[in-house]
Amino acid sequence: MKVSSNMLKRYLNRNLTQDELYKLTNEYITEVESVSTLLQVENLVVGYVNSCIRHPNADKLSVCQVDLGTGSLEQIVCGAPNVRADSYVIVAKVGAVLPGNFEIKPVEIRGVKSNGMICSLDELGYGEKLIAPEYKDGIYMFDEPHEIGSNAVTALALDQVSLELDVTPNRSDLLSVLGFAYDLGAAIDEKVDFKEPVVNETGPKNPLKVTILDEGCSRYYARYLDNIKVKPSPIWMQADLIASGVRPINNVVDITNYVLMELGTPLHAFDADKFKTHEIVVKEARDLEEVMTLDADIRILKKGDIVISNGIEPVALGGVMGLLNTMVDDSTTRVILEAASFDPKRVRNTSRRLDLISDSSLRFERGIDEVRVRTAINRAAELLIKYADARVYDGIAFSGGSFKKPEIINITPEEINKVLGTTLTKQEVKDILKRLNIIETKADSYLIPTYRKDLTIPADLIEEVGRLYGYNNIPFTMPKSNKAGSYSPKQTFTNQIRKRFKYLGFNEVVNYSLCELKDIHLYRDEGPQPLKLLYPLRDDRTYMRHSLLNGLVGNVEHHLSRQHSDLALYEVGNVYYDDEEPLYLAAIINGNYINGAFTKQTIKGSFYLIKGIIEDLLKEYNVQVKYIKESDIKGFHPGACARIMLKDKTLGLVGKIHPSILDDSYAFEINLEMLFGEVNAQEKFAAISKYPSISRDLAIVVDKGLEARKIKELITQTTKGYLTNLEVFDLYQGDKIGADKVSLGFRLTFNSPDKTLENEDVDKIMKSIMFRLDKELKAEIRQ
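Residues numbered from 1 in each chain as written. Predicted model: local features only at pLDDT ≥ 70, side-chain atom pairs only at ≥ 80, totals over all residues. Heavy atoms only, no water.

J.: Summarise the layout of surface pockets; cite the residues concerned and give the values.
T.: Here the largest pocket is characterised by a volume of approximately 2300 Å³. Lys611, Glu615, Tyr627, Arg709 and Lys712 are the residues nearest the centre of the largest pocket, which is lined by 48 residues in total. Breaking the lining of the largest pocket down by element, the ones donating at least two residues are α16 (607-620), β36 (626-629), β37 (636-646), α18 (708-718), β41 (723-732) and β42 (741-750). If you tally residues by element for the lining of the largest pocket, the top one is β41, at 9 residues. A per-class count over the lining of the largest pocket returns 21 nonpolar, 12 polar and 15 charged. (1 Å grid on protein atoms, 1.4 Å probe; cavity = no way out; pocket = protein on both sides within 12 Å on 5 of 7 lines; lining within 4 Å. Points joined across faces, edges and corners; volume = space filled by probe spheres on them. Helix = DSSP H or I, 4+ residues; strand = E, 2+ residues; numbered from the N terminus. Nonpolar A, V, L, I, M, F, W, Y, C, P; charged D, E, K, R; others polar.)

J.: Can you break down the sheet that holds strand β4 (residues 58-67) residue by residue, with the values?
T.: Overall, antiparallel pairing links the 5 strands, which are arranged β5-β4-β3-β6-β11 in an open sheet. What marks the edges here is a single partner per strand, and that holds for β5 (73-78) and β11 (117-118). Where β4 lies against β5, 6 bridges are found, and the strand directions are antiparallel. Paired with Val66 across the strands is Glu74, a residue of β5. (Pairing = 2+ DSSP bridges.)

J.: I'd like a description of the pairing of strand β20 (residues 306-309), backed by residues and values.
T.: Residue alternation in β20 divides its side chains into two sets, Ile306 and Ile308 and Val307 and Ser309, and both sets are buried. Where strand β17 (residues 279-284) and β20 come together, 4 bridges link them in antiparallel fashion. Paired with Val281 across the two strands is Ser309, which belongs to β20. In terms of strand pairing, β20 meets strand β21 (residues 314-317) through 3 bridges, oriented antiparallel. Bridge assignment links Ser309 to a residue of β21, and that residue is Pro314. (Buried < 20%, exposed > 50% of the residue type's maximum accessible area, 1.4 Å probe, protein only.)

J.: Lay out the pairing of strand β15 (residues 217-226) with the relevant residues and their values.
T.: Within β15, 9 of the 10 residues are buried, leaving the element largely enclosed by the surrounding structure. Judged from the 8 bridges that link them, β15 and strand β23 (residues 335-342) form a sheet pairing that is antiparallel. Pairing of Tyr224 across the sheet is with Ile336, part of β23. Strand direction decides the pairing type here: β15 and strand β25 (residues 397-400), joined by 4 bridges, are antiparallel. Bridged to Ala222 within β25 is Ala397.

J.: Which residues make up a negative patch on the surface, and what values go with them?
T.: Taken together, Asp122, Glu123, Glu128 and Asp137 make up a surface patch of like negative charges. Topologically, Glu123 is positioned in the loop between β11 and α3 (152-155). Taking the relative accessible area as the measure of exposure, Glu123 reaches 31% and is therefore partly exposed. (Patch = residues over 30% accessible without salt bridge, like charges linked within 9 Å, V, L, I, M, F, W, Y side chains within 5 Å. Areas by Shrake-Rupley, 256 points an atom, 1.4 Å probe, with all protein chains shown as cover. Salt bridge = Lys/Arg side-chain N within 4 Å of Asp/Glu carboxyl O. Lys, Arg positive; Asp, Glu negative; His and termini not counted. Charge placed at Lys NZ, Arg CZ, Asp CG, Glu CD.)

J.: Now, about the nonpolar core: what can you tell me, with residues and values included?
T.: By size, the foremost hydrophobic cluster in this structure holds 92 residues, and its most contacted members are Phe180, Leu184, Tyr220, Ile280, Ile308 and Phe342. For this core, the element with the most residues is helix α10 (residues 372-388), which contributes 9 residues. When residues no more than four places from it in sequence are discounted, the contact partners of Ile308 are Tyr220, Phe270, Ile280, Val281, Val282, Glu313, Pro314, Val315, Ala316, Gly318, Glu338 and Phe342. Ranked by size, the runner-up nonpolar core spans 35 residues in total, among them Phe501, Tyr593, Leu609 and Ala642. (Core = buried A, V, L, I, M, F, W, Y, C linked by side-chain atoms within 4.5 Å. Contact = heavy atoms within 4.5 Å.)

Structure follows, in structure tokens:
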């Protein structure tokens, strides 16, 4: 939102400097993105061309005698084709520095002296689109006489500041100069001078009839005007619109835009002759209905869009844009003026789908002040009378419901002081809120103005009091507590995991929590119904993620496309279901995990490496899991993927990323909520056995298809609780044992917390293990 300082001056008497305006806005209202002066040039004056003759030595040049108000005429050579005598022009005197650092000096052009320059708008920094056609190829001439020698910047109304605001979505009132003036007036304790417009209705009775057939429009006003003369707007209005970031077009369109910026209420003007009827019907669009908007693009409508029609065909998209079939042009003499209020969600849906985001649609989306709609149509009619010679017909055609009851908030000074840490009296609170037009109707009950849609609960009023009182004036106090702050057990657990992976050489990433629907279950089981955003910004970020691996795989692809390989990445983040947002940990290794350029020992990423990293993590927290072969997860290689089971529940998945997605990449993902629950339920301390342990190695030959998990489960079941550690230390495949066989070496560690185990005790256990391996798994014991 850009605010013209000249428009602001019409509401506030105090003349604020640029620095004051910037400071007050930042301190009390909202953040200022930029502040700039439209034109700042010294020695730029209004001149009067006394005479103009052809240059004796150049057919396309003219020699002008120009009165600059100094008591004598200055001779200026001008090359503009439209320069003429008896005209008021902009003159850059000798010494002036124009935009582009162009300094004006006395010169001699084709033997004739020239002291100054008669300026075009282009030379003053106007963009080509902002210059009226009659002045594009020549100098600018004032329509009316001005004081000779006076400041031309002031005459052009360019001696003003354009203040660009960063308006938050809840502050729709700041999308108008009047709304900003109310807040600025409250900050400097000055009452805003706003007068309701007065419309002189000199025409016959308004012939229009309005019918609303769609609840997406709550009220609709229409005026009828004739005798319209379409011409350029007055120069001051053009300057104010430029300062507001709006391109001047003609007086009719400019007035509707001016009122939009002034009051925050969108308006639209129809050419009444092209409208064809006196019927205005607001209704829902038909599916696949085609219309052509003012930008000459064909748009396909759907049910849910709001259209304005003449009873025969659509003439506007409600709250978004007018249609080409009723556009105001240079030949327009009669106008139908519209002011209405449309449903914010419906307008947003239409404008986003059609990619038609305008100043009008933005204000409807944020919510306009419905009480101000009638004021806006009257203000536009008032201006059209003055600057388009319009005749206004008697009465306003209207259809709509009653206004909503104003918001009332109950709050006491004690509640305000408790939150802010202040000692404001009741009268001080009342005075602060009164500056914001928030009036106490009865004891501790406050009536909220209709334009402040962001004020709905007591906390909002506390914020307003704090803002106007001044955050810098609130005393600084430390919170009173005898308890030192600390991390929760879950936060500590999560931080430990982050540190662990950092020390293992992984880089942490933080990805978007959004993904495409087709990828949402790529790295996990089919889960709950995905959550879809109502208004996604991009098609590939439409659904809330169910897995962190979507983002990690995308990170690897991004790096590989830029010739960065050998990656180790991890992420700790939430996934999102309808009823919960569990915290997950995921990691991925691509290429080499350790580069052997220095150590001469390269360690490549592999299934066993990534699985070992998980096992080492789980061992740290004394969590026992099982690994079950998995082949149905689309994003993993079907022959190199395992499901991690914790007490018959899936803790996560580990495996090789499917080669059709990524080459040479291994990843895992586990549920940290489940893992933390298991860790938190464990006994925190256990006595270390004071008795020595005994280790035995066991080598067996089994069928190649037999899972090591089943062997380990059988061994664990047979050891009667004496087994404290079991690990695979050897794997052998070769012709000596057969192509369909594999040799596995296990190291078993035994210990008893109650006694010293004898060799005979361990021998009995080993015999039982070997017997069961032979009978149940057909394992051959290697001696």
